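Each chain is listed here by its residues.
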Amino acid sequence: MRSSELPFVQSMFDHIAPHYDLLNRILSLRQDVMWRRKLVSALDLPPDGRLLDVACGTCDVGIEAVRTLGSEIRVTGVDFSRRMLAQARRKIAQAGLSEQIQLIAGDAFDLPVAAEGFDALSIAFGIRNLQDRVAALVSFRRRLKPGGVLTVLELTTPPPGILHRLYLLYFRRLLPRIGGVFSQNRAAYTYLPDSVLKFPRPLEFARMMRRAGYARVTWLPLSMGIATLFKGRTPVRL
Ligand SMILES: C[S@@+](CC[C@H](N)C(=O)[O-])C[C@H]1O[C@@H](n2cnc3c(N)ncnc32)[C@H](O)[C@@H]1O
C-alpha cells in the first residue's frame, strides 16, 4: 500500500480531526468554503450523478455537493483516517444526508469501489499528501466512466511578487503557531506549509494529469493563486 510512503499522515489527521474544520476556516479566513463551492460547480454532474470524493476528510465537499446539486446525486467519500471519517459521519447525520452520502475507510491508491462507477471524482487538499501522484491519478481515472470529470483542488504557491513574500511569511511563521495552539499538534501545521511549498506549479501538475490519461485539462487560480482548481476528463470511447 503506497500510503506507507507517508506513515505519519494517517495518524496526523486522526490527531487533528476534532479541530480540522475550525482550523481550516480560521487559517484560510473562510476562503476554503468558497474554494470547495468552485470545485462543486465544476463537477458537471447529471441530476442523479455519482461522485467519488477521495481523501474526503470531514466531508465538506460531499455535503456541499448534495446541498448545491440536489438530493438525487449520490456521493461516496473515501478516507484512511477513521477519526476524520467519524467527524464526517456526525456532520452528515446532522445535515440529514445519510441517504445521499456513503463513507468508506480506504486508501487513495487502492480505492475500494467499482471501476467506471462514477460520473465525477474530486479530491480537495488531498493529492498533496500522495507521493506518487501520477499513479494516484491513473487509479482515479479507472474509477470514472468514459467522459467523466476529475477535479483536484489544492493549495498552491502564488506567483512571485509581494503576495508571494507575504504568503511565505504567513505560511512559514504564523500558520504553524496558530495551528499548533488550536490543535496541540505543531508538527501537523509545519507539515502543511512544507507539503504545499513542495507541490508542483500548476503547469507541471496539469502535465501530470495529461500523463495520467486525462484530456481537456484546465486550471483556475483561486484567491490570487493561493489555491488552484484543476479539471480534466477521461477520454470518451468511440
Ligand atoms: C487536508 S485533508 C482534506 C479533507 C477534505 N477533502 C477537505 O476538503 O477538507 C486531507 C485528507 O486526506 C486524507 N488522506 C491522506 N492520504 C490519504 C490516502 N493515501 N488515502 C486516503 N486518504 C488519505 C487524510 O486522512 C485527510 O482526511
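Each remark here, short or long, concerns the structure printed above.
Quick notes on the rules
- Residues numbered from 1 in each chain as written.
- Predicted model: local features only at pLDDT ≥ 70, side-chain atom pairs only at ≥ 80, totals over all residues.
- Heavy atoms only, no water.
- Near = heavy atom within 4 Å.
- Polar contact = N/O pair within 3.5 Å; in protein donor to acceptor, adjacent residues only side chain to side chain.
- Nonpolar A, V, L, I, M, F, W, Y, C, P; charged D, E, K, R; others polar.
- Axes fitted to C-alpha atoms, helices over the stretch in contact; angles between N-to-C directions.
- Helix = DSSP H or I, 4+ residues; strand = E, 2+ residues; numbered from the N terminus.
- Parallel < 35°, antiparallel > 145°, perpendicular 65-115°, else oblique.
- Left-handed = near helix turned anticlockwise from the far one by under 90°.
- Contact = heavy atoms within 4.5 Å.
- Buried < 20%, exposed > 50% of the residue type's maximum accessible area, 1.4 Å probe, protein only.
- Pairing = 2+ DSSP bridges.
- Right-handed = clockwise from strand over helix to strand, strands pointing away.
- Salt bridge = Lys/Arg side-chain N within 4 Å of Asp/Glu carboxyl O.

Looking at the ligand, there are 20 residues lining it, with Tyr20, Ala55, Asp79, Ala108 and Ala124 nearest. At 2.6 Å from an oxygen atom of the ligand is found a side-chain nitrogen or oxygen belonging to Asp79. Measuring from a nitrogen atom of the ligand, one finds a backbone N or O atom of Phe80 at 3.3 Å. Residue composition of the shell around the ligand, by class: eleven nonpolar, six polar and three charged.

With that out of the way, let us pick up the packing of helix 7 (residues 162-183) against helix 8 (residues 186-198). Between helix 7 and helix 8, the shortest axis-to-axis distance is 7 Å and the interhelical angle comes to 155°. With respect to helix 8, the element helix 7 is oriented roughly antiparallel. Judged by the sense of rotation from one axis to the other, the crossing of helix 7 with helix 8 is right-handed. Residue-level inspection shows Tyr167, Leu168, Phe171, Arg172, Leu175, Pro176, Arg177, Gly179, Gly180 and Ser183 of helix 7 in contact with helix 8, the latter providing Arg186, Tyr189, Thr190, Leu192, Pro193, Val196 and Leu197. Of the residues assigned to the contact of helix 7 with helix 8, the class counts are ten nonpolar, four polar and three charged.

Our next topic: the pairing of strand 4 (residues 118-124). In terms of burial, strand 4 is largely enclosed, as seven of its seven residues are buried. Relative to strand 5 (residues 144-155), strand 4 runs parallel, the two being bridged by six bridges. Along strand 5, the bridge assignment pairs Ala124 with Leu153. The β-α-β motif built from strand 4, the intervening helix 6 (residues 133-143) and the parallel element strand 5 has right-handed crossover chirality.

Attention shifts here to helix 4 (residues 60-69). Counting buried positions along helix 4 gives seven out of ten residues, so the element sits mostly inside the fold. Listing the buried residues of helix 4 in full gives Asp60, Val61, Gly62, Ile63, Glu64, Ala65 and Val66. Phi for Gly70, located one or two positions after helix 4, is positive at around 110°.

Okay, the pattern of salt bridges next. In the structure shown here, the tally under the stated rule is twelve salt bridges. Here Asp21 and Lys91 are joined by a salt bridge, their closest N and O atoms 2.6 Å apart. One end of the pair, Asp21, is in helix 2 (residues 20-27); the other, Lys91, is in helix 5 (residues 82-95), with 70 residues separating them in the sequence. Each of the two residues, Asp21 as well as Lys91, counts as buried. A salt bridge links Asp44 to Arg233; the nearest nitrogen and oxygen atoms lie 2.6 Å apart. Taken together, the residues Asp44 in the loop between helix 3 (31-41) and strand 1 (50-54) and Arg233 in strand 7 (residues 227-233) connect sequence positions 189 residues apart. Its relative accessible area of 44% is what places Asp44 among the partly exposed residues.

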